[in-house]
Amino acid sequence: MHPDKPEALRARKALPLKGSAAVPGDKSVSQRALILGALAEGETRITGLLESGDVHSTAGALRAFGAELTRNGPGRWRVRGTGVGNWRPPKAPLDFGNSGTGSRLVMGAMATTPITAVFTGDASLRSRPMARVVEPLLAFGVRYEGQGPKALMPLTLHGAAGAREVDYHVKIASAQVKSALLLAMQNVAGESSVTQDTLTRDHTEKMLKAFGGDVRVTPLANGGERIDTRCAQLRGCEVEVPRDPSSAAFPLVAALIVPGSEISLPAILLNPRRTGLIETLLEMGADIRVSNRRVSGGEEIGDLLVRHSRLKGAIVPAARAPSMIDEYPILAVAAAFAHGKTVMMGLEELRVKESDRLAAILAGLYANGVHAHESENNLTVEGMAKVPGDGLVKTHMDHRIAMSFLTLGLASEKPVIVDDAAMIATSFPEYRDLMARLGAVMETV
Ligand code: S3P
């Protein structure tokens, strides 16, 4: 997604939010459904696909590798894959826009096929470190040329021929790195493994199994896990994409902080590795009720009912970070309206997201009169009875910073302006309309 011009948006104090909000499909699951569909043999039928900038970027790259992707209706896509190892070399550089997940997972997926591809993206993606993915891939015999020691984009990746098996320990708590390795391992004859000391989102493992992959997960004594896998021909299947909890987080927190609100959020993905925000908000006293828990498309889902709540500060342990890694900006906003102080620990990964999110959160809070500080990757937010607002927030090409501070503006004393709301379309194109249906009107400035 490359919006031509920044679009400033203003949010002001809202009347009570009411109604039901159908948030779009999960970004992580949508990306994986397209990538696995493109690797598999035969046809994959997807429903509920997120149709956002990031997902379109990945779709474009997969077409360039030779997969056929067709849109049959809203969220209904058909993918005809090439079979593992049969991707062809793209004729032009692959533009992944803002999508870290798309670019990193596709690097893994092509790494053990002897083809060359050039990866690029927007200014945000070009400044994000890719060494964390390409260095582990060197173990398969991959070669690359990137920009500087962090292997920034544009980056040229030469996939390996006849790659050998690899046992790799992933040190950082990243589902993207784990997933890139697992995808690369699908074209390696022998038995390979990935171990990780922390439990990161497991959508790749689950979906590989649904596509007929040979994947075995073993818990480790240290709380981590080992994933063993070997080459098995992946076959297209049906994928039902659940609704994205990371997108639901914005209307959810809006309902918690706007007095008198009561909203429902049906059919939200409740994979336990994605529910750290809900767990934290419940500890803070949030009135969130989960009902009708069920399994859909191999994932746990449930309906949420959220009411305005008197929140109190909380200590959020570092161990919880992987299960809510994308939710710290919106948690910081909830914390600003809580009674007492909230301390969020172990946030070093926030520095390498779509922006340096730790810096962007602090600057956004400061601009709106909220006291917060950072030390040793811990963020402390002092809650206030009344949040002043009146800030102009810099989004730094980060969709979640934009939505978080628009949320703050719905309950602060004075309106909040975010300098560029166009990036919201990378993950949640219907955000503004959906919020308007709940009663929150945001104005273009
Ligand atoms: C994602 C993993 C996380 C997350 C990102 C989506 C995924 O990134 O922040 O939005 O789909 O695997 P890391 O793997 O870098 O933690």
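Residues numbered from 1 in each chain as written. Predicted model: local features only at pLDDT ≥ 70, side-chain atom pairs only at ≥ 80, totals over all residues. Heavy atoms only, no water.

Chemist: Can you lay out the site of the ligand for me, pointing to particular residues and giving the numbers?
Modeler: Taken together, Ser28, Arg32, Thr101, Ala173, Ser174, Ala175, Gln176, Arg201, Ile325, Asp326 and Lys353 form the complete shell of residues around the ligand. Between the ligand and Arg32, the relevant distance is 2.6 Å, taken from an oxygen atom to a side-chain nitrogen or oxygen of the residue. A total of 390 Å² of accessible area belongs to the ligand in isolation, and the protein chains cover 96% of it. Going through the elements one at a time, α1 (27-39) and α6 (175-184) are the ones with two or more residues in the shell around the ligand. (Near = heavy atom within 4 Å. Polar contact = N/O pair within 3.5 Å; in protein donor to acceptor, adjacent residues only side chain to side chain. Areas by Shrake-Rupley, 256 points an atom, 1.4 Å probe, with all protein chains shown as cover. Helix = DSSP H or I, 4+ residues; strand = E, 2+ residues; numbered from the N terminus.)

Chemist: Please set out unusual backbone geometry residue by residue, giving values where relevant.
Modeler: In this structure, the amide linkage connecting Met153 to the following residue, Pro154, adopts the cis form with an omega of -5 degrees. Inspection of the secondary structure puts Pro154 in strand β9 (residues 152-158). For Ala151, which is not glycine, the phi torsion reads 55 degrees and is therefore positive. If you trace the backbone, Ala151 turns up in the loop between β8 (143-147) and β9. Note on Ala151: relative accessible area 0%, which makes it buried. Although it is not a glycine, Glu376 adopts a positive phi angle of roughly 45 degrees. The exposure class assigned to Glu376 is exposed, which follows from its relative accessible area of 72%. (Buried < 20%, exposed > 50% of the residue type's maximum accessible area, 1.4 Å probe, protein only.)

Chemist: Account for the sheet that holds strand β2 (residues 18-20), with residues named and values stated.
Modeler: Reading across the sheet, the four strands line up as β2-β15-β17-β16 and stay open at both edges, with mixed pairing between neighbours. Two strands close off the open sheet at either side, each with one partner strand: β2 and β16 (287-296). Across the sheet, the axes of successive neighbouring strands diverge by a mean angle of 15 degrees, strand direction being ignored. Of the strand pairs in this sheet, β16 and strand β17 (residues 299-307) are connected by eight bridges, and their pairing is antiparallel. Across the sheet, the residue bridging to Val295 is Glu300, located in β17. (Pairing = 2+ DSSP bridges. Axes fitted to C-alpha atoms, helices over the stretch in contact; angles between N-to-C directions.)

Chemist: Explain α6 to me, and be specific about the residues and the numbers.
Modeler: Burial analysis of α6 places 10 of its 10 residues in the buried class, the great majority of the element. If you check which residues of α6 are buried, you get Ala175, Gln176, Val177, Lys178, Ser179, Ala180, Leu181, Leu182, Leu183 and Ala184. Capping the start of α6, Ser174 holds a side-chain oxygen 3.2 Å from the backbone nitrogen of Gln176, two or three residues further along.

Chemist: Give a description of the packing of aromatic side chains that names residues and reports values.
Modeler: Tallying each qualifying case throughout the model produces four aromatic pairs. Centre to centre, the rings of Phe96 and Phe119 are 5.6 Å apart; their planes meet at 10 degrees, and the pair counts as stacked. Linking Phe96 in the loop between β6 (94-95) and α3 (100-110) with Phe119 in strand β7 (residues 116-120), this pair joins segments that are 23 residues apart in sequence. Given a relative accessible area of 0%, Phe96 falls into the buried group. Aromatic side chains Phe250 and Tyr431 sit 6.5 Å apart centroid to centroid with 85 degrees between the ring planes, which places their arrangement in the edge-to-face category. In this pair, Phe250 sits in helix α8 (residues 245-257) while Tyr431 sits in helix α13 (residues 431-438), placing the two residues 181 residues apart along the sequence. On the basis of relative accessible area, Phe250 is assigned to the buried category, the value being 1%. For Tyr431, a relative accessible area of 1% translates into the label buried. (Phe/Tyr/Trp six-rings, centres within 6.5 Å; stacked < 30°, edge-to-face > 60°.)

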